[in-house]
Amino acid sequence: MEKQLQQLLTDAFGREFSEKVEFAAVPKGQSGDLALKFFLLTKEKQQSPVQIAQTVQPVLETSGLIEKTEIAGPYLNVHFAKKPFFEAVLNAPLHGQTLTDKNIVIEFSGPNTNKPLHLGHMRNHALGLATSNILEAAGAKVSRVNIINDRGVHICKSMLAYKKFGHGETPESVGKKGDHFVGDYYVKFDQEAKKNESLNQEVQSMLLDWENDDAETKALWQKMNDWTLQGHQETYERQGIHFDKAYKESDYYLEGKNIAQKGLEQGVFFAREDGAVMVDLESEGLDQKVVLRADGTSIYLTQDLAVAVARKEDFHPDELIYVVADEQNYHFKVLFYCLEKLGLIDYHLCHHLGYGLVNLPNGRMKSREGTVVDADNLMDSLKTLAIENIKKRNEEISDTEAAQLAEKIQDAAWKFYLLSTAPKKSITFDAEKSIQFEGATGPYLQYAGVRLKSIFRKAKFTPTTTQDIDTSVLGEDEKALGAKILWFENTIDRAAETKNPTYLLTYLLELAQLWSSYYGNNSVVNADTETLKQARLTLAYKVFTVLEQGLKLLGIQIPDKM
């Protein structure tokens, strides 16, 4: 409907005028289907928003598209004529278009191969999964990539602890998932190092052995990495996450050193007195930063330079997005400036999608102390809570069916909860709250979808072409639902442009609440006439498809029943 309105305004006042007219949802307490704002025109026209609205009013009201208009404060609220309005509603797209043909690479997850994925990764996954899906829904071609942190002293800590205390055990021999098995030895190292400080020297020696391609060390490293990565893959599959490509640090750190050396030769970097390769970013408001240590060993920045170049060669993206916690804000500023100074990738093509920490009720997580909430364990706990809720509602459900349903519910619970707070803010995860079937939760939205499915089954409703539906019998209550449906495309575009899925969550909650209120006041299956029944069922089905698509973008499925 916005496009049709904009064309009317273009025909009457010119493109320069119409492009400065803003469209918005009608403010609460006012009536109408869509609001027009003229703030961008007031200075140019030397008129108030009300004066501009008065000029626009007759053009819209004689178009056949608009039933009536109302000036409310600075807004011009329009009431669409029923036929074109509901035609637009029932055919409203389930996607956006603001990023059409844009090529985007998005990195998320970034696990270490010395431990299992944890609650912090779950926020990363929720944000990375939803954002990549939303970018795609807005028209972009999206490539999802992972960075595997598979080398360094932290990896060697697990290796050394296993070598000293593992006694040849394997994940299979002890019946444990591979990433949890390896993670136990990371914790074990920290415990033993507190009693024997010489282990810290031994782990440094092991790291040197690895860098010198010692066969025994490399074999142990490969074996333990394989155990961990297999465990991670099982978690990814459970969470509905896939990657188009995974980049391993171990494959790129040497190329990173080459890039550092070239930067030194080009005068982009400089050598400190001790031989360290440095970059001076004081003119960018930062400081001098090490690119390569004095002993020639690399840091995260070194290999990140090489990985970024590899992604450019692999995907030729218009934008590189990194989903990484806010703790790394400074790191990414340095990385992006280095890439630009080296002539490799322009600064403005790189974006750090940072997010706040996920805290436990008793403080921050520390993996070396074993105080981390592992992703697998948390999902299992949520599933147990979901089963309890399910059986309270339906005592006759079988254990198998309850478990299958609970898996979908727990998945919705954590994804929604970790996305419900704007990315930049830290969050304390509340498992009990996240799994509730009422309130602003993922299971609540699933339940809204399940209730709609139940209505369709009861009515034996099969979607038909919208041309067969008489929408003239629908009224203002239905128009309120329709106006919300029409806002879905804008919501996707806004969430994509801002890289903030919270806008989509808020929209879906409002849609579900609006439907619940509508359904409480209007009979659908038992409507007064068959014509009204079919019209309301068709509108209800559109509500369902929007809700289903919105949840799909968040990585959430609607069960058949709850």
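Counting its regular elements, the chain contains 22 helices and 14 strands. Its C-alpha atoms give the chain principal-axis dimensions of roughly 85 × 65 × 40 Å. For the chain, the proportion of its 562 residues judged to be buried stands at 53%. For the chain, the proportion of contacts with a sequence separation of at least 24, taken over those separated by at least 6, is 73%. Within the structure as shown, the chain displays about 25,400 Å² of accessible surface, and the carbon and sulfur contribution to it stands at 46%. Taken together, the 64 basic and 79 acidic charged side chains of the chain have centroids lying 3 Å from each other.

This paragraph deals with helix H13 (residues 300–315). Residues that lie three or four places apart on an α-helix share one face, since the helix turns once every 3.6 residues. Here H13 contains 16 residues, and its C-alpha end-to-end distance of 22 Å stays within 8% of the 22 Å for a straight helix at 1.5 Å per residue. Of all 16 residues making up H13, twelve are buried, and the element is well covered by its neighbours. All of the buried residues in H13 are Leu301, Thr302, Gln303, Asp304, Leu305, Ala306, Val307, Ala308, Val309, Ala310, Arg311 and Phe315. His316, located one to two residues past H13, shows a positive phi value of around 50°.

In this section: the pairing of strand S9 (residues 277–280). Side-chain direction in a regular strand flips from residue to residue, so the side chains alternate between the two faces of the sheet. The pairing of strand S8 (residues 270–271) with S9 spans two bridges and is antiparallel. Looking at the pairing, Ala271 lines up with Val277 of S9. If you look at the hairpin formed by S8 and S9, you'll find five residues sitting between the two strands, and Gly275 has a positive phi there, around 100°. With four bridges connecting them, S9 and strand S10 (residues 288–292) associate as antiparallel partners. Within S10, the position partnered with Val279 by the bridge is Lys289.

Turning to the packing of aromatic side chains, a few remarks are in order. Within a pair of aromatic rings, the relevant descriptors are the distance that separates the centres and the angle that separates the planes. This model, assessed by the stated rule, comprises 27 aromatic pairs. Taken together, a centroid distance of 5.2 Å and an interplanar angle of 80° make the contact between Tyr236 and Phe243 edge-to-face. Taking the relative accessible area as the measure of exposure, Tyr236 reaches 4% and is therefore buried. Residue classification places Phe243 among the buried positions, given a relative accessible area of 19%. A ring pair is formed by Tyr322 and Phe332, whose centres lie 5.0 Å apart and whose planes are at 45°; its orientation type is tilted. Separated by ten residues along the polypeptide, Tyr322 in strand S11 (residues 319–323) and Phe332 in helix H14 (residues 329–341) bring together distant segments of the chain. The exposure classification of Tyr322 matches that of Phe332, with both residues buried.

Leu5 and Leu36 are the most contacted members of the largest nonpolar core, which totals 120 residues. Residues lining this core come from more than one domain, with at least three contributed by each of domain 1 (1–80) and domain 2 (375–554). With near-sequence residues (within four places) excluded, Leu36 lies in contact with Leu5, Leu9, Val21, Glu22, Phe23, Leu60, Pro74, Tyr75, Leu76 and Val78. Leu286, Ile299, Phe332 and Cys338 belong to the second-largest nonpolar core, a separate cluster that totals 36 residues.

Enumeration according to the criterion identifies 31 salt bridges in this entry. Here Asp179 makes a salt bridge to Lys177, at a shortest N to O gap of 3.1 Å. In this structure, Glu319 and Lys499 form a salt bridge, with 3.2 Å as the shortest nitrogen-oxygen distance. Residue Glu319 is located in strand S11, and its partner Lys499 is located in the loop between helix H20 (488–498) and helix H21 (502–521); the two are separated by 180 residues in the primary sequence. Neither Glu319 nor Lys499 differs from the other in exposure class; each is buried. Taken together, the salt bridges that share partners define one network made up of Arg238, Asp380, Lys383 and Glu407.

Below, the discussion takes up the side chain of Thr10. Following the sequence through the fold, Thr10 ends up in helix H1 (residues 2–13). Exposure remark for Thr10: the relative accessible area of 14% places this residue in the buried category. Apart from the residues within four sequence positions on either side, Thr10 is in contact with Arg15 and Ser18.

Assigned domains of the chain: these are domain 1 (1–80) and domain 2 (375–554). The centre of domain 1, based on its C-alpha atoms, is set 32 Å off from the matching centre of domain 2. Contacts between the two partners involve nine residues from domain 1, matched on the other side by five residues from domain 2. Summing the contributions of domain 1 and of domain 2, the shared interface buries around 570 Å²; its carbon and sulfur component is 48%. For the domain 1 face of the interface with domain 2, the top three residues by lost area are Met1, Glu2 and Asp33, together amounting to 54%. At the boundary of domain 1 with domain 2, the tally comes to one salt bridge. Asp33 serves as the salt-bridge partner of Lys479, at 2.9 Å between the closest nitrogen and oxygen. Secondary structure elements with two or more residues in the side of domain 1 that touches domain 2: strand S1 (22–24) and strand S4 (75–80).

Turning to the sheet that holds S11, a few remarks are in order. Pairing is parallel across the open sheet formed by five strands, whose spatial order is S7-S6-S5-S11-S12. The sheet is open, and its two edges are formed by strand S7 (245–248) and strand S12 (350–353), each paired on a single side. Between one strand axis and the next, the sheet turns through 25° on average, direction left out of account. As paired strands, strand S6 (residues 141–148) and S7 are joined by four bridges and run parallel to one another.

With antiparallel pairing, three strands are arranged side by side in an open sheet as S8-S9-S10. With one partner strand each, in any of the chains shown, S8 and S10 form the two edges of the open sheet. Running over the sheet, helix H12 (residues 253–266) touches S8, S9 and S10 and is turned about 125° from S10.

Basis of the calculations
Residues numbered from 1 in each chain as written. Predicted model: local features only at pLDDT ≥ 70, side-chain atom pairs only at ≥ 80, totals over all residues. Heavy atoms only, no water. Helix = DSSP H or I, 4+ residues; strand = E, 2+ residues; numbered from the N terminus. Buried < 20%, exposed > 50% of the residue type's maximum accessible area, 1.4 Å probe, protein only. Contact = heavy atoms within 4.5 Å. Areas by Shrake-Rupley, 256 points an atom, 1.4 Å probe, with all protein chains shown as cover. Lys, Arg positive; Asp, Glu negative; His and termini not counted. Charge placed at Lys NZ, Arg CZ, Asp CG, Glu CD. Expected span 1.5 Å × (residues − 1). Pairing = 2+ DSSP bridges. Phe/Tyr/Trp six-rings, centres within 6.5 Å; stacked < 30°, edge-to-face > 60°. Core = buried A, V, L, I, M, F, W, Y, C linked by side-chain atoms within 4.5 Å. Domains from an automatic or database assignment. Salt bridge = Lys/Arg side-chain N within 4 Å of Asp/Glu carboxyl O. Buried area = accessible area lost by both parts, 1.4 Å probe. Axes fitted to C-alpha atoms, helices over the stretch in contact; angles between N-to-C directions.

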